[in-house]
Amino acid sequence: MNHEILKQVIYDQHEIIKNFTIVPREYGFDLNANYVVIGLRRAGKSTLLYKIVHDLIAQGTDWNQIIYINFEDERLSEFTVNDFNDILSVQAELSEKKGWFFLDEIQNIDGWEKFARRLADSKEHVFITGSNAKMLSSEIENRLGGRYLTKYVTPYNFREYLTAKNVDFSDKAILATKDSGKIKREMETYFYFGGFPENLEYKDKREYVSSIYQKILLGDIAARNNIRNNTGLRLLIKKIAESVKDEVSYSKLHNILKTIGVNISKDVVIDYIGYAQQSFLIFAIRNYFSKFVDKETTPKYYFNDNGLLNLFLSKEEPKLLENLVAITLWNKYKDNLYYLKGKNLDVDFFVEETGQAIQVAYSVVNISNDRETKSLIEAAKTVKDAKRFIIITWEEEKELTIDGVKIEIIPLWKWLLISPMIEKNSI
């Protein structure tokens with residue numbers, strides 16, 4: 001690898017970082033540890049690394065110690081695993097002090113894990129980002145040998161979104177008429193267009209989200225996995241979007257595609273869904289009561305950002321509402337999150353760790369006699385770990401007790417602000 005090109009990439013990245021405005025986020029890093037930072041494309045992984053760089057410089061680190069390389073830079077298009085050692089050579093040329101290595105979208109280089117392990121073994125400071133869940137696989141973790149901590153990064157949650165928009169969401173603001181009105185106004189945009197950080201700068205927000213979706217679909221999924229049937233892939237993702245809120249099996253999706261003339265096998269459907277999950281486009285939640293095989297094959301799928309789901313929907317606010325609740329819960333609880341489906345029981349979300357049983361309803365009218373309430377009461381009787389019962393709506397708020405079960409009805413905007421933080425913002 002030409003060292004001058006590497007230096008040019010590093011110096012140009014320094015200028016980008018120097019001029020970048022950092023919005024505080026709810027993530028913390030231990031600078032004594034090495035990290036693999038993963039998540040959806042354009043979710044803000046690089047910005048978190050920029051924040052670390054800013055903090056290091058403020059603490060006295062020299063810019064020549066900062067070795068930040070973005071492997072999506074076209075100047076590195078010929079970079080291979082054999083060129084990794086040149087990064088160490090360039091770092092030694094730039095500074096006699098110990099370097100800080102920031103390797104962005106490193107999954108583009110096959111064999112990167114060995115270099116990452118060598119850096120850690122050499123007691124270097126290393127931060128790695130990637131947009132593919134394969135970086136979380138047991139095989140990769142074994143190769144890294146426990147030398148890295150994993151940090152999962154998402155698009156803005158609603159608190160982070162309001163912070164970026166300079167909107168007050170303190171306890172006082174939530175109660176104040178004018179301030180809460182501002183929060184609700186921002187909720188509208190966030191609800192439909194999601195939390196991609198850069199989207200705040202765009203007037204045509206739908207077009208921006210669409211461009212990200214195309215990059216995920218054609219790049220992170222199709223190109224990376226050598227998919228030739230892009231039409232089948234597109235239609236499968238569309239059908240998953242239309243099935244949000246509902247259980248859907250591989251067989252059902254395969255049959256739906258077959259009826260509209262898409263000739264792909266059930267095994268291919270399974271592969272495509274796996275690729276979509278690996279790219280963080282979608283995630284799955286499973287039935288708490290199901291047998292193991294059903295947990296694996298009949299989940300409910302959700303999209304990792306509301307803006308992405310909204311590309312496929314037309315005036316389907318209930319689906320968007322449930323999807324946003326799913327995102328918030330999934331980002332916090334992951335494998336402790338389920339839905340409850342059984343006899344006389346249909347609860348949208350159940351958090352095993354906290355005992356929360358949560359229903360989502362855009363509006364509640366005859367509250368004492370609807371599906372949401374009846375299922376929560378049944379859950380209180382039959383699910384021993386269920387302790388708290390909530391209905392999340394678009395704007396209604398009240399508290400009631402039915403058959404001895406206390407049910408909290410909370411509007412979405414308020415629930416998003418009071419739901420547990422992912423992490424405190426620290427370095």
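Note: the structure precedes this text.
Here the structure is a predicted model, which means the values were calculated and not measured. The residue numbering used here restarts from 1 in each chain and proceeds along that chain's sequence as written. Side-chain atom pairs in this predicted model are given and counted only at pLDDT of 80 or more, local residue features only at pLDDT of at least 70, and totals for whole chains, interfaces and linings cover all residues. As a convention, hydrogens and water are excluded, and side-chain values are obtained from all of the structure's heavy atoms.

Peer 1: Help me understand the pattern of salt bridges in this model?
Peer 2: Once the charged atoms of two side chains with opposite charge are near each other, the side chains can pair. One side-chain nitrogen of Lys or Arg within 4 Å of one carboxyl oxygen of Asp or Glu is enough to make a salt bridge. A full pass over the atoms with the stated rule returns 25 salt bridges. We note a salt bridge from Lys 341 to Glu 247, for which the minimum N-O separation is 3.5 Å. Of this pair, Lys 341 sits in strand β8 (residues 337-342) while Glu 247 sits in the loop between α10 (230-242) and α11 (250-259), and the two are 94 residues apart along the sequence. Three labels apply to residues, based on accessible area from a 1.4 Å probe with only protein chains included: buried if under 20% of the type maximum, exposed if over 50%, partly exposed otherwise in between. For Glu 247, a relative accessible area of 27% gives the class partly exposed. A salt bridge links Glu 316 to Lys 319, with the shortest nitrogen-to-oxygen separation between them at 3.3 Å. We classify Glu 316 as partly exposed; its relative accessible area is 28%. Of the residues examined, Lys 319 reaches a relative accessible area of 13% and is grouped as buried. Residues participating in the shared-partner salt-bridge network are Arg 41, Glu 72, Asp 220 and Arg 224. Note on conventions: DSSP H or I runs of at least 4 residues are helices, E runs of at least 2 residues are strands, and numbering of each starts at the N terminus.

Peer 1: Just to check I follow, could you spell out the environment of Phe 303 for this structure?
Peer 2: Within the secondary structure, Phe 303 is located in strand β7 (residues 300-303). Residue Phe 303 is classed as buried on the basis of its relative accessible area, which comes to 0%. The sequence separation of Phe 303 and Leu 281 amounts to 22 residues, and the corresponding C-alpha distance is 5.9 Å. The residues contacting Phe 303, other than those within four sequence positions of it, are Ile 237, Ile 240, Ala 241, Val 244, Leu 281, Ile 282, Phe 283, Leu 308, Leu 309, Phe 312, Asn 323 and Ile 327. Residue contacts follow a heavy-atom distance rule, with two residues in contact if any of their heavy atoms lie within 4.5 Å.

Peer 1: Teacher, can you tell me more about the sheet that holds β7 here?
Peer 2: Pairing between the strands of a sheet comes from backbone hydrogen bonds, and it takes one of two forms, parallel or antiparallel. By this definition, two strands are paired if DSSP reports at least two bridges between them. The sheet built from 8 strands is open, its strands ordered β7-β6-β8-β9-β10-β11-β13-β12 with mixed pairing. The two strands at the open ends of the sheet, each matched to only one other strand, are β7 and β12 (398-402). Within the sheet, the average angular offset between the axes of one strand and its neighbour, ignoring direction, is 30°. In the sheet, strand β6 (residues 282-287) pairs with β7 via 4 bridges, with the strands oriented antiparallel. For Ala 284, the partnering residue across the bridge sits in β7 and is Tyr 301. Working convention: axes come from line fits to C-alpha atoms, limited for helices to the stretch in contact. Angles between N-to-C directions cover 0 to 180 degrees.

Peer 1: Where do I start with the nonpolar core in this structure?
Peer 2: If you look at the biggest cluster of nonpolar residues, it comprises 106 residues, and the most contacted ones within it are Ile 87, Phe 303 and Leu 412. Beyond its immediate sequence surroundings of up to four residues, Ile 87 is in contact with Leu 6, Ile 67, Ile 69, Phe 71, Phe 79, Phe 101, Leu 103 and Phe 115. Nonpolar cores were defined as sets of buried Ala, Val, Leu, Ile, Met, Phe, Trp, Tyr and Cys residues, with membership established by side-chain atoms within 4.5 Å.

Peer 1: Help me understand the pairing of strand β10 (residues 356-360) in this model?
Peer 2: The two faces of a sheet get side chains in turn, since along a regular strand they alternate between them. Within β10, 5 of the 5 residues are buried, which leaves the element mostly enclosed by the surrounding structure. Here β10 shows no split at all, with Gln 356, Ile 358 and Val 360 on one side and Ala 357 and Gln 359 on the other all buried. Pairing analysis gives 3 bridges linking strand β9 (residues 345-351) to β10, with the strands arranged antiparallel. Across the sheet, the residue bridging to Phe 349 is Ile 358, located in β10. Between β9 and the antiparallel strand that follows it, β10, lie 4 residues; Gly 355 among them carries a positive phi value of about 80°. Inspection of the sheet shows β10 paired to strand β11 (residues 388-393) by 5 bridges, in the parallel sense.

Peer 1: How do you make sense of the packing of helix α1 (residues 3-18) against helix α3 (residues 84-94) when you look at a structure like this?
Peer 2: A pair of packed helices is characterised by two quantities: the angle between their axes and the separation of those axes. Here α1 crosses α3 at 70°, and the two axes come no closer than 10 Å. Comparing the axis directions of α1 and α3 gives the class roughly perpendicular. With respect to the hand of their crossing, α1 and α3 are arranged in right-handed fashion. Note on element contacts: α3 touches α1 through Asp 86, Ile 87, Ser 89, Val 90, Glu 93 and Leu 94, opposite His 3, Leu 6, Lys 7, Ile 10 and Tyr 11. Throughout, the ten residues Ala, Val, Leu, Ile, Met, Phe, Trp, Tyr, Cys and Pro are labelled nonpolar, Asp, Glu, Lys and Arg are labelled charged, and all others, Gly among them, are labelled polar. For the contact of α1 with α3, the class distribution of residues is 6 nonpolar, 2 polar and 3 charged. In these notes the angle categories are as follows: under 35 degrees is roughly parallel, over 145 is roughly antiparallel, 65 to 115 is roughly perpendicular, and the rest is oblique. If you view the pair so one helix is near and one far, a crossing is left-handed when the near helix is turned anticlockwise from the far one by less than a right angle, and right-handed when it is turned clockwise.

Peer 1: Any chance you could explain the packing of α1 against helix α2 (residues 45-58) here in plain terms?
Peer 2: Between α1 and α2, the shortest axis-to-axis distance is 10 Å and the interhelical angle comes to 90°. Compared by their axis directions, α1 and α2 come out roughly perpendicular. Residue-level contacts link Gln 13, Ile 16, Ile 17 and Lys 18 of α1 to Tyr 50, Val 53 and His 54 of α2. Of the residues that constitute the contact of α1 with α2, the class distribution is 4 nonpolar, 2 polar and 1 charged.

Peer 1: Even after reading the chapter, I still don't get α11, so can you show me in this structure?
Peer 2: One turn of an α-helix holds 3.6 residues; hence residues three or four places apart share an orientation. Among all positions of α11, only Tyr 250, Leu 253, His 254 and Leu 257 are buried. Along the axis of α11, the buried residues cluster in a sector spanning 100°; they form a single face. Backbone geometry just after α11 places Gly 261 at a positive phi near 90°. Directions are taken from the helix axis to each C-beta atom, and the arc is the one they span.

Peer 1: Even after reading the chapter, I still don't get the pairing of strand β1 (residues 35-39), so can you show me in this structure?
Peer 2: Of all 5 residues that make up β1, 5 are buried, and the element is covered over most of its length. Across 4 bridges, β1 lies against strand β4 (residues 125-130) in parallel orientation. Paired with Val 36 across the bridge in β4 is Ile 128.

Peer 1: What should I look at first to understand the sheet that holds strand β5 (residues 149-153) in this one?
Peer 2: Taken in spatial order, the 5 strands make up an open sheet running β2-β3-β4-β1-β5, and their pairing is parallel. Pairing within the sheet leaves two strands with one partner each, and these edge strands are β2 (66-70) and β5. Strand-to-strand, the axes of this sheet are offset by a mean angle of 15°, without reference to chain direction. As paired elements, β1 and β5 share 5 bridges and run parallel to each other. Across the sheet, the residue bridging to Tyr 35 is Leu 149, located in β5.

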